[in-house]
Amino acid sequence: MTKLSFIMVFFGFLSLNVMSQSSPTVFDDVQKNALESNKMILINFSGSDWCNPCIRMKNEIFSSPVFEELTREDLLFFNADFPRMRKNKLSEEMNKQNEGLAEKYNQKGIFPMTVLINAEGKVLKSWEGYPKMDPVEFVDEIRTILPVEKAEKKKSTAGPSN
């Protein structure tokens, strides 16, 4: 292997690793990270290539600076996508994973459907369809739930008080 080929392969693996850290694709990894970091998880069920409200939500809310700040600090985000176009087809493993999440958290098959859960998988809040609020209001609503859930978790792990 030439030196140039080695460097290209090395940086290829490095970029895949960086991409998987910033946008996790395996929900088990997200949940493990949530348990370790004591963070909540926001799951968004979307149809990225056919659902106009889903596309709008991605562009207007999830791509906003205020939402990106929230995911850096307090929240893990997971997009369970259900594309229809052949060119956007997910792997069999991803399909199976997203279908399993939908069975648990989106039984009605609503798109978009956004669900805030704790690290153990307990639903804290859900939004059916596109939320009727701007990105700041959406993030503020999530932020009101986070401290309450963290306080509940501290109480349950502290044990009985004397």
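The following paragraphs examine the structure supplied in this document. Sequence positions are assigned chain by chain, starting from 1 and proceeding in written order. The model is predicted, so local features are restricted to residues of pLDDT at least 70 and side-chain atom pairs to those at 80 or more, both for listing and for counting; the totals for chains, interfaces and linings are taken over all residues. Side-chain metrics rest on all non-hydrogen atoms present in the structure, leaving aside hydrogens and water.

**Regarding the nonpolar core**
Thought 1: The definition of a nonpolar core used throughout is a set of buried Ala, Val, Leu, Ile, Met, Phe, Trp, Tyr and Cys residues joined through side-chain atoms within 4.5 Å. A 1.4 Å probe rolled over the protein chains alone gives each residue an accessible area, and that area as a share of the maximum for its type sets the label: buried under 20%, exposed over 50%, partly exposed in between. Among the nonpolar cores identified, the biggest contains 17 residues, and Phe 27, Ile 41, Ile 43, Phe 45 and Leu 101 are the most heavily contacted of them.
Thought 2: Only DSSP runs of H or I with at least four residues qualify as helices, and only runs of E with at least two residues qualify as strands; both kinds are numbered from the N terminus onward. Broken down by secondary-structure element, the contributors of at least two residues to this core are α2 (27-37), β1 (40-46), β2 (75-81), α5 (92-105) and β3 (113-117).
Thought 3: Counting residues in hydrophobic clusters, the runner-up holds 16 residues, among them Leu 42, Leu 75, Tyr 130 and Leu 146.

**Description of the pairing of β2**
Thought 1: A large share of β2 lies buried, amounting to five of its seven residues.
Thought 2: Bridge analysis of β1 against β2 gives seven bridges, and the strand direction is parallel. Residue pairing for β2: Leu 42 is matched across the bridge by Phe 77. Here a strand pair is declared whenever DSSP counts at least two bridges between the two strands.

**What about the state of the cysteines?**
Thought 1: The disulfide criterion used throughout: a pair of cysteine sulfur atoms within 2.5 Å. For the coordinates displayed, the defined rule picks out one disulfide.
Thought 2: The disulfide that involves Cys 51 links it to Cys 54, with 2.3 Å between the sulfurs. Its S-S torsion of about 70 degrees marks the bond between Cys 51 and Cys 54 as right-handed, since a negative value means left-handed.
Thought 3: Among the residues examined, Cys 51 registers a relative accessible area of 4% and is labelled buried.

**Some thoughts on the pairing of β1**
Thought 1: Counting buried positions along β1 yields seven of seven residues, so the element is predominantly enclosed.
Thought 2: Side chains Met 40, Leu 42, Asn 44 and Ser 46 of β1 all project onto a buried face; the interleaved residues Ile 41, Ile 43 and Phe 45 project onto the opposite face, where all are buried too.
Thought 3: Pairing analysis gives five bridges linking β1 to β3, with the strands arranged antiparallel. Each residue of the ladder has a partner; that of Ile 41, found in β3, is Ile 117.

**Observations regarding the packing of aromatic side chains**
Thought 1: Any Phe, Tyr or Trp ring, taking Trp's six-membered ring, that has another such ring centre within 6.5 Å forms a pair; planes under 30 degrees apart are called stacked, those over 60 apart edge-to-face, and the others tilted. Inspection of every chain in the model, using the stated rule, returns eight aromatic pairs.
Thought 2: A ring pair is formed by Phe 62 and Phe 77, whose centres lie 4.6 Å apart and whose planes are at 45 degrees; its orientation type is tilted. Linking Phe 62 in helix α3 (residues 52-62) with Phe 77 in strand β2, this pair joins segments that are 15 residues apart in sequence.
Thought 3: Its relative accessible area of 9% is what places Phe 62 among the buried residues.
Thought 4: Taking 6.4 Å as the distance between ring centres and 70 degrees as the angle between the ring planes, the aromatic pair formed by Phe 62 and Phe 138 counts as edge-to-face. With Phe 62 in helix α3 and Phe 138 in helix α6 (residues 135-158), this pair connects stretches of sequence that are 76 residues apart.
Thought 5: Owing to a relative accessible area of 0%, Phe 138 belongs among the buried residues under this scheme.
Thought 6: Among the aromatic residues, those joined into a ring-pair cluster are Phe 62, Phe 67, Phe 77, Trp 127 and Phe 138.

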